[in-house]
Amino acid sequence: MTAAKTGLPAGDPVLAPKTFQARRRDAALAGRLAARVPLIASAAVLLFFVLAAIAPNLLAPVDPLAINPTAAFSPPGPGHLLGTDESGRDIYSRIIHGARPSLLIGAAATAIGLGLALLLGTIAGFGGRWLDFGVGRILEVLFALPGLLLALVFIALAGPGVTTTVIAVGLTTAPGYARVIRAQIIALLTSSMVEAATVLGRSRLHILRIHILPNALGPIAVLATLGLGQAILWAASLSFLGLGSPPPAPEWGTMLATGRTYLQLAWWMTFFPGLAIVLVAAAATVLSRSFKSGGKR
């Protein structure tokens, strides 16, 4: 093709159109990048709230408990980014400072659930037929009760409070983890590495500690990430019912409970704490699914 026919100055090369394979590669690359957007956004959300839990004064230097009656029920604006509550306390500052207790409650409850599940699942999967039968019946009873109802029963017996809430939420998450651990252990007992260790004369304790538990805990790490969001939701639900952190503590569930009284007058008192809970729970869910798929989208 000549320069006269193309309209380009003489000596300039003519760019050839992309081949079909090149277009497919570009489309595949764009698809992979688009699939990673939710993962990147979820990681950014969790990092933001983790930073808020570690150094809340860095993101919100205003005292979350400082009252200012003249600024009560101020709508979101330049002076107060997310508005104020009935006592003039800054909502944004309370959400940032509330990240620490909310995340700690969720993490502690998840840790308690995993610890109890590890004990029950190991006994059921590695302890023989009768122990498996007994633990299985206990787990079935726990599964028969809705998780939130089980937590309410425990709090009714032990009394309300932050510590009781953490333990109650941990108990509600334990049965699901225990069933996964039991299934993993039973599957590993028939694996070639366990059979080889048995032939070599290794003790049952050695087999459990070296070959079974490290391999059984892999899926639990993924479930724990997913359970973190669920634990935060349940802890916030209990605080919303007045069974968690007492007001005026800057805890998200407690803020929801306070804001429902003024929902028609100051919608932001409920909307923004609820948005923080939803964002953290959704981000943890997205990340856990990414870990489950090995980071492939």
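Up top you'll find the structure we're talking about.
Residues numbered from 1 in each chain as written. Predicted model: local features only at pLDDT ≥ 70, side-chain atom pairs only at ≥ 80, totals over all residues. Heavy atoms only, no water.

A. Here's a closer look at the overall build of the chain. Across its full length, the chain carries 12 helices and zero strands. Along its sequence from the N terminus, the chain presents helices and strands in the succession α-α-α-α-α-α-α-α-α-α-α-α. Across the 297 residues of the chain, 39% fall into the buried class. Residue pairs in contact within the chain that sit at least 24 positions apart in sequence constitute 67% of those at least 6 positions apart. Counting only carbon and sulfur atoms, one obtains 70% of the accessible surface of the chain, whose full area is about 16,400 Å². (Helix = DSSP H or I, 4+ residues; strand = E, 2+ residues; numbered from the N terminus. Buried < 20%, exposed > 50% of the residue type's maximum accessible area, 1.4 Å probe, protein only. Contact = heavy atoms within 4.5 Å. Areas by Shrake-Rupley, 256 points an atom, 1.4 Å probe, with all protein chains shown as cover.)

B. Representation of the packing of helix 9 (residues 204-216) against helix 10 (residues 218-240) in the model. For the pair helix 9 and helix 10, the least separation of the axes is 4 Å and the interaxial angle reads 30°. One finds that helix 9 runs roughly parallel with respect to helix 10. Residues Pro214, Asn215 and Ala216 of helix 9 touch helix 10, and the partners they reach there are Gly218, Pro219 and Ile220. (Axes fitted to C-alpha atoms, helices over the stretch in contact; angles between N-to-C directions. Parallel < 35°, antiparallel > 145°, perpendicular 65-115°, else oblique.)

C. The side chain of Arg89, seen in detail. With respect to the helices and strands, the residue Arg89 is situated in the loop between helix 3 (56-59) and helix 4 (91-126). Among all residues touching Arg89, those that are not within four sequence positions of it are Pro64, Leu65, Ala66, Ile67, Gly83, Thr84, Arg94 and Pro248.

D. The packing of aromatic side chains, seen in detail. On inspection of all chains with the given rule, the structure shows seven aromatic pairs. Ring centres of Trp267 and Trp268 lie 5.7 Å apart, and the angle between their planes is 80°; on these two criteria the pair is classed as edge-to-face. Owing to a relative accessible area of 43%, Trp267 belongs among the partly exposed residues under this scheme. A centroid spacing of 5.8 Å and a plane angle of 40° characterise the contact between Trp267 and Phe272, whose relative ring orientation is tilted. Among the aromatic residues, ring-to-ring pairing joins Trp267, Trp268, Phe271 and Phe272 into one connected group. (Phe/Tyr/Trp six-rings, centres within 6.5 Å; stacked < 30°, edge-to-face > 60°.)

E. Molecular detail of the environment of His97. Within the secondary structure layout, His97 lies in helix 4. For His97, a relative accessible area of 15% puts it in the buried group. Here His97 is in contact with Pro56, Asn57, Ala60, Val62, Pro64 and Pro250, once residues within four sequence places are set aside.

F. Examining unusual backbone geometry more closely. Its identity is not glycine, yet Phe73 carries a phi of approximately 60°, on the positive side. With respect to the helices and strands, Phe73 occurs in the loop between helix 3 and helix 4. What makes Phe73 partly exposed here is its relative accessible area of 24%.

G. Local environment of the environment of Thr164. When you line up the elements, Thr164 lands in helix 7 (residues 162-189). Counting along the chain gives 10 residues from Thr164 to Phe154, while the straight-line C-alpha distance between them is 8.0 Å. When residues no more than four places from it in sequence are discounted, the contact partners of Thr164 are Phe154, Ile155, Ala158 and Gly159.

H. Molecular detail of helix 10. End to end, helix 10 covers 34 Å across 23 residues, agreeing with the expected 33 Å (1.5 Å per residue, within 8%). Gly227 marks the point of greatest bend in helix 10, at about 30°. Phi turns positive, to about 85°, at Gly242, one or two residues after helix 10. (Expected span 1.5 Å × (residues − 1). Bend = angle between axes of the 7 residues up to and from the residue.)

I. Up close: the pattern of salt bridges. With the rule as written, the count across this model stands at five salt bridges. For Glu86, the salt bridge is made with Arg89, and the minimal N-O distance between the two is 3.5 Å. Measuring nitrogen to oxygen at the nearest pair gives 2.7 Å for the salt bridge that ties Asp132 to Arg182. Here Arg182 lies in helix 7 and Asp132 lies in helix 5 (residues 129-144), a separation of 50 residues in the sequence. Among the residues examined, Asp132 registers a relative accessible area of 18% and is labelled buried. Each of Asp85, Glu86, Arg89 and Arg94 takes part in a single network of salt bridges with overlapping partners. (Salt bridge = Lys/Arg side-chain N within 4 Å of Asp/Glu carboxyl O.)

Nothing here speaks to function; it is all geometry.
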